[in-house]
Amino acid sequence: MTDTKPVPVLEAKDIVAGYGEVDILHGVSVTVHSGEMVAIIGPNGAGKSTLLRTIFGLLDARGGQVRLKGEDITNRAPDQLVLCGLSYVPQVDNVFPSLTILENLEMGAFVRQDGLAERLDRVFSLFPDLTDRRGEKAGKLSGGQRQMLALGRALMLDPDVLLLDEPSASLSPKMVELIFDRINLINSEGTGILLVEQNANEALSACDRGYVLAMGENRLEGEAKSLLDNEEVGKLYLGT
Amino acid sequence: MSTYADRLRGNLRVFNEFVAGPGLWILITLLFTYAALFETQLFVIGLIVGSVLALGSIGLTLIYGVLRFGNFAHGDLMMMGAYVTFFLLNGTLLGQRRDTNIGVGLNDLPAGTERLGDLTFGYSFLIAVALSAVVLAVVCIGLDRLVYRPLRRRGSAIVTFAIASLGIAFSVRALLLIIWGPDPRTYVSGIHKAQHYPFDVVLKTDQVFIMVVAIVMAGLVYLLLFRTKLGKAMRAYSDNPDLALVSGINTDRVIFWTWVIGGSLMAIAGSLLALQANLKPELGFQLLLPLFAGAILGGLGKPQGALIGALVVGVAQEVSVAYISAGYKPAVAFLILILILLIRPRGLFGDAN
Ligand SMILES: Nc1ncnc2c1ncn2[C@@H]1O[C@H](COP(=O)(O)OP(=O)(O)OP(=O)(O)O)[C@@H](O)[C@H]1O
Ligand SMILES: [Mg+2]
């Protein structure tokens, strides 16, 4: 009703999901508005990765709903989702090690080949490090370069929303800074970002809004700045 | 004291790394050079045998790479391909002495059996092999739908897949036995004249044909895997199935084409083999050892490795005949298998870990 309210581009509502008999998520909701960068933080095993996997159709949602640009995409298969404008970078094993860098990026555009050259150009200009090594196998890359390639692969279809699972995990502080700088740039070019981080400080400083997840439930949410200043968050995750 | 032990241990590690890396390649180069110089005839025959094995090993390694299990039915399915070719040529079914013949076959095509140059067969053979490739591709896809896909959906362990393939191997062999009987079969009867080549090499033109076809097929597989979108997707899936799914690669399609390629190669390899050896149902099982030896030597999942591995196995087997009884050929393949598993389990082209 109020036209000042931003439009949600990705909306997950009351998601219930889990492995086997056990529910890990007990009704989690997150929203990403157009052009927004949103962080999900929370302790080990909170269900952050599980949430991303469920949104991306890798795990069945047993309850709740996922909407992308208003369209119901709950439990849709990944090869459909990439066509609808959603991309996902897993937490680990997020490149094809025996494929070259160029081939890795081509696989990112597997479902849609048009405009391949421009998209490749865009990725290479975002990550100049990859440009000269495009013929090399991804298995030879350093951790930071792998993460760049993983981001590049996910960008190959120019998604509306990018799901990132711990993009800064096990990287050097300098590399973390660079990766976040690139993610910010991608975001400023119009791609909505939903990222999961253990590194709450880094994530909240980079993002617009944040959610705190614990035991498969929403704990807190709000402006990233206010979460950074929040005492509870500070005590639980920022070690202050 | 401890420094001495450390140094010794260090030297030992350097030695092991040398044996496992460049040492293995040097060994293979030595084998090939020696065989080529001193046993030229056997060496060339070895290359021919090896190139047929290579088509089998490449299929085996592709299936392993994508589906992650050793297909124990590979040899028997190769034989099925060979028998299908036989049937298409002659229309013959059921045991030798009382053959039931459906009365038509590709050999009845006008001038179908007219020999192509020095080869023992006519164009009917080429058509039969092509059709057999289609049949085997369909059989493989059928087996996948019937057996392997349900196992995948259930998330079965790798061992279950391997055992299931062993069951298919036995069934296929029994089926061949029932349909075509135990007696040896040949595509073309009569004497095959051999040609003399430089360095005292004597070859039938069929054998040259076999090698050329095998090399061309291996080249086509290479082009497919490294130059086409589908091939790259197959390699991607083999690298990391989860990420392939995440990238939007249709995994059912990748598996489908893997069976199409694997099945076609089985039929071609089996038919080429039967061109110069007697066709018998139990041949498939005997093939299994050299096929696996070639694929493992090259590095499971690596088609270029399977090509080289199978050539090494072929040459080693044939050259051994100069020194030990031909009955030991399977033992040679077995020896290679054991050696590679001891020295470098990931094979020549396998990735570390
Ligand atoms: N494949 C699986 N099968 C069964 N349980 C799983 C599986 N993957 C994760 N879990 C369980 O689900 C819970 C949530 O895991 P999840 O990976 O979503 O947590 P996370 O918040 O991403 O943690 P981390 O910060 O360690 O990545 C954990 O208790 C974990 O043990
Ligand atoms: Mg996680």
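In what follows, the structure referred to is the one given above.
Definitions and limits used
Residues numbered from 1 in each chain as written. Chains lettered and ligands numbered in written order. Predicted model: local features only at pLDDT ≥ 70, side-chain atom pairs only at ≥ 80, totals over all residues. Heavy atoms only, no water. Helix = DSSP H or I, 4+ residues; strand = E, 2+ residues; numbered from the N terminus. Rg over C-alpha atoms; globule rule 2.2 N^0.38 Å. Buried < 20%, exposed > 50% of the residue type's maximum accessible area, 1.4 Å probe, protein only. Contact = heavy atoms within 4.5 Å. Lys, Arg positive; Asp, Glu negative; His and termini not counted. Charge placed at Lys NZ, Arg CZ, Asp CG, Glu CD. Near = heavy atom within 4 Å. Polar contact = N/O pair within 3.5 Å; in protein donor to acceptor, adjacent residues only side chain to side chain. Nonpolar A, V, L, I, M, F, W, Y, C, P; charged D, E, K, R; others polar. 1 Å grid on protein atoms, 1.4 Å probe; cavity = no way out; pocket = protein on both sides within 12 Å on 5 of 7 lines; lining within 4 Å. Points joined across faces, edges and corners; volume = space filled by probe spheres on them. Donors = N, O, S within 2.8 Å, 3.2 Å for Na, K, Ca; no water. Salt bridge = Lys/Arg side-chain N within 4 Å of Asp/Glu carboxyl O.

1. Observations concerning the overall build of chain B
- When helices and strands are counted, chain B shows 12 helices and four strands.
- Against the compact-globule benchmark of 20 Å for 353 residues, chain B has a radius of gyration of 21 Å, which places it among compact chains.
- Each principal axis of the C-alpha distribution contributes one length, and for chain B these read about 80 × 55 × 35 Å.
- The proportion of buried residues among the 353 residues of chain B is 51%.
- Nonlocal contacts in chain B, meaning residues at least 24 apart in sequence, comprise 73% of its contacts between residues at least 6 apart.
- Counting 26 positive and 18 negative side-chain charges, chain B places the centres of these two groups 7 Å from one another.

2. What to know about the site of ligand 1
Residues and elements named next belong to chain A.
- Near ligand 1, the surroundings consist of 13 residues, among which N44, K48, S49, T50 and Q198 are the closest.
- Taking A46, its main chain carries an N or O atom lying 3.2 Å from an oxygen atom of ligand 1.
- In this structure, S49 approaches ligand 1 through a side-chain N or O atom, which is 2.7 Å from an oxygen atom.
- When residues in the shell around ligand 1 are grouped by element, the largest group, three residues, is from helix α1 (residues 48-55).
- Tallied by class, residues from the shell around ligand 1 come to four nonpolar, seven polar and two charged.

3. What to know about the layout of surface pockets
- For the largest pocket, the calculated volume is near 830 Å³.
- Along the wall of the largest pocket there are 30 residues; nearest its centre are A:S98, B:D239, B:L300, B:K302 and B:D351.
- Breaking the lining of the largest pocket down by element, the ones donating at least two residues are α2 (40-67), α6 (205-227), α7 (229-239) and α11 (303-320) of chain B.
- Counting residues per element, the lining of the largest pocket draws most heavily on α2(B), at five residues.
- The space that makes up the second largest pocket amounts to roughly 580 Å³.
- Going through the elements one at a time, α2, α9 (251-276), α10 (283-298), α11 and α12 (329-343) of chain B are the ones with two or more residues in the lining of the second largest pocket.
- Of the residues that constitute the lining of the second largest pocket, the class distribution is 10 nonpolar, five polar and three charged.

4. A word on empty space enclosed by the protein
- Evaluated as defined, the whole model comprises two cavities of 30 Å³ or more.
- Space inside the largest cavity adds up to approximately 60 Å³.
- Around the largest cavity sit B:I141, B:D144, B:R145, B:R149, B:R152, B:D252, B:I255 and B:F256, which together line it.
- Ranked by the residues each element gives to the lining of the largest cavity, the list is headed by helix α4 (residues 123-153) of chain B, at five residues.
- Partitioning the lining of the largest cavity into residue classes produces three nonpolar, no polar and five charged.
- The computed volume of the second largest cavity comes to approximately 40 Å³.
- Lining the second largest cavity, in full, are A:V82, A:S87, A:Y88, A:G108, A:R153, A:A154, A:L157, B:V246 and B:S247.
- Secondary-structure elements contributing two or more residues to the lining of the second largest cavity are β6 (86-89) and α6 (143-155) of chain A.
- Considered class by class, the residues forming the lining of the second largest cavity number five nonpolar, three polar and one charged.

5. Quick look at the environment of B:L283
All names here are of chain B.
- Along the chain, L283 falls in helix α10.
- For L283, a relative accessible area of 17% gives the class buried.
- Remark: the alpha-carbon pair of L283 and V159, spanning 124 residues in sequence, is separated by 24 Å.
- Non-local contacts of L283, meaning those with residues more than four positions away in its chain, are made with M79, L273 and N278.

6. Notes on the coordination of the magnesium ion (ligand 2)
- Coordination of the magnesium ion (ligand 2) by the protein comes from A:S49 (OG) and A:Q91 (OE1), over a distance range of 1.9 to 2.3 Å. Placement of the pair is A:S49 in helix α1 and A:Q91 in the loop between β6 and α3 (101-108), with a sequence separation of 42 residues.

7. Remarks on the pattern of salt bridges
- Following the criterion strictly, the structure yields 16 salt bridges over all chains and no others.
- Note that A:D160 and A:K69 form a salt bridge whose closest N and O atoms lie 2.6 Å from each other. Of this pair, A:D160 sits in the loop between α6 and β7 (161-165) while A:K69 sits in the loop between β4 (63-68) and β5 (71-72); the two residues are 91 residues apart in sequence, bridging distant segments of the chain.
- One salt bridge in this structure joins B:D6 and B:R9, with 3.5 Å as the shortest N-O distance. Separated by three residues within a single helix, B:D6 and B:R9 lie in helix α1 (residues 2-38), roughly one turn from each other.

8. Description of the side chain of A:T50
- Relative to the helices and strands, A:T50 resides in helix α1.
- If we skip the residues at most four places from it in the chain, A:T50 touches A:Y19, A:I24, A:L25 and A:L59.

9. Points about the side chain of B:N240
- The topology assignment puts B:N240 in the loop between α7 and α8 (241-246).
- Given a relative accessible area of 9%, B:N240 falls into the buried group.
- Sequence-distant contacts of B:N240, defined by excluding residues within four places in its chain, comprise A:D93, A:V95 and A:F96.

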